[in-house]
Amino acid sequence: MKLLQSPAVRVGLSISIATGLYGVSFGALSVTSGLDFWQTMALSLLLFSGGSQFAFIGVVAGGGSGIAAMSAATLLGMRNGIYGMQLNALLHPRGWRRYVAAQLTIDESTATSTGQTDPAEQQRGFWAAGIGIYVLWNIFTAAGALAGSALGDPKQWGLDGAAVAAFLALLWPRLKGREPVAIAAVCALATVLAVPFVPAGVPILVAAVVAAVIGWFSHGRSDEGLEPDVDPYAEHRHGHPGAHRADVSHGVPAVPGRPGSPGAPGTPGGSAAPGGP
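Residues numbered from 1 in each chain as written. Predicted model: local features only at pLDDT ≥ 70, side-chain atom pairs only at ≥ 80, totals over all residues. Heavy atoms only, no water.

Participant: In this structure, what is going on with the overall build of the protein? I would like to understand it.
Facilitator: On a plain count of helices and strands, the protein comes out with 14 helices and 0 strands. If you list the helices and strands of the protein from N to C, you get α-α-α-α-α-α-α-α-α-α-α-α-α-α. The proportion of buried residues among the 277 residues of the protein is 38%. Of the roughly 14,700 Å² of accessible surface on the protein, 68% is carried by carbon and sulfur atoms. (Helix = DSSP H or I, 4+ residues; strand = E, 2+ residues; numbered from the N terminus. Buried < 20%, exposed > 50% of the residue type's maximum accessible area, 1.4 Å probe, protein only. Areas by Shrake-Rupley, 256 points an atom, 1.4 Å probe, with all protein chains shown as cover.)

Participant: Explain the nonpolar core to me, please; I cannot follow it from the model alone.
Facilitator: Nonpolar side chains in soluble globular proteins tend to be buried together. By size, the foremost hydrophobic cluster in this structure holds 25 residues, and its most contacted members are Phe56, Ile57 and Phe126. The set of elements that each furnish at least two residues to this core consists of helix H1 (7–21), helix H2 (23–32), helix H4 (50–61), helix H5 (66–91), helix H6 (96–104) and helix H8 (119–149). Examining the composition of this core, we find that 6 residues originate from one element, H5, more than from any other. What Phe56 contacts, discounting residues up to four positions off in sequence, is Leu35, Leu43, Ala69, Met70 and Ala73. (Core = buried A, V, L, I, M, F, W, Y, C linked by side-chain atoms within 4.5 Å. Contact = heavy atoms within 4.5 Å.)

Participant: Just checking my understanding: could you explain the environment of Gly23 for this structure?
Facilitator: Checked against the element boundaries, Gly23 lands in helix H2. A residue is classified by how much of its surface remains accessible, and Gly23, at 0% relative accessible area, is buried. Beyond its immediate chain neighbours, meaning those up to four positions away, Gly23 contacts Trp137, Phe140 and Thr141.

Participant: Can you help me understand the packing of aromatic side chains in this one?
Facilitator: Aromatic ring pairs are described here by two measures, namely the spacing of the ring centres and the angle between the planes. Counting across every chain of the model gives 6 aromatic pairs. Between Phe26 and Trp137 the ring centres are 6.2 Å apart and the planes differ by 25°, which places this aromatic pair in the stacked class. With Phe26 in helix H2 and Trp137 in helix H8, this residue pair connects regions lying 111 residues apart in the sequence. You'll find Phe26 and Trp137 in the same group, each marked buried. On the numbers, 5.0 Å between centres and 85° between planes, the contact of Phe37 with Trp38 is edge-to-face. By relative accessible area, Trp38 is classed as exposed at 66%. An aromatic cluster is present here, built from Tyr22, Phe26, Phe54 and Trp137 joined pairwise through their rings. (Phe/Tyr/Trp six-rings, centres within 6.5 Å; stacked < 30°, edge-to-face > 60°.)

Participant: Is there a simple way to explain the pattern of salt bridges in this structure?
Facilitator: Under the criterion given, the structure shown has 2 salt bridges. For Asp107, the salt bridge identified is with Arg79, shortest N-O distance 2.8 Å. One end of the pair, Asp107, is in helix H7 (residues 107–114); the other, Arg79, is in helix H5, and 28 residues separate them in sequence. When sorted by exposure, Asp107 lands in the same class as Arg79, which is buried. Residues Arg124 and Glu121 are paired through a salt bridge, measuring 2.4 Å at the closest nitrogen-oxygen approach. Residue Arg124 and its partner Glu121 are located together in helix H8, separated by 3 residues, close to a single helical turn. Among the residues examined, Glu121 registers a relative accessible area of 5% and is labelled buried. (Salt bridge = Lys/Arg side-chain N within 4 Å of Asp/Glu carboxyl O.)

Participant: How should the environment of Ala8 be read in this particular structure?
Facilitator: Following the sequence through the fold, Ala8 ends up in helix H1. A sequence separation of 119 residues divides Ala8 from Trp127, and the C-alpha atoms of the two residues are 9.6 Å apart.

On their own, these measurements won't tell you what the molecule is for.
See below:
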């Protein structure tokens, strides 16, 4: 099979273009938040996690300390460690590829890989999406950083609050169900109440503690878990009679209500007709 004829590669490349273009926004917001060009590029090259990067510059833009910014970014990036465990068992990378795969493990590469049923396609999907997004995200981050440097004072253009808005845009699609929305509302209230009393950057950590406490004592649905932002194969699975068998054969349990899972709405066995680097 020619590489470009692979369904997983085509999906990975299309997601790479869409996600990579968003790097322009990060680059511009980063330099207008106070970071220089090379600091901005270091974040994209080394951290390479869109949600974590926006969280970092959001705290910095608000006058928060470096420790607060790193803590916020770490909280958002923890999910990639969970993805890594799943992909390690799925792809079995060896040697130096393990280190490269760890760097490329993000929402989109995970979703593109796990959305495919053939083991070879899972490999192609992961590497196509991971490498494609990494290259384009950094290219467009550089373009955005250079453009942002010419903008001058961010308040003049209203960009001083744009980092927070961009971060909320990444967060909002994740709030599916009444319980996540309720937790988000409580955390937002805790953040607002903490702002007058603690240094900049600390309110987001207060919100994280509140969310952790609620999560520890709540009794939510057992089928709710941490999933990638995107499900590029949602439409492909619809009406595909082999999806159930393939998921089970690869050790993916049937999770009611989860997009792309057997028994989920819009998938085989369902009752009716899913999202950063």
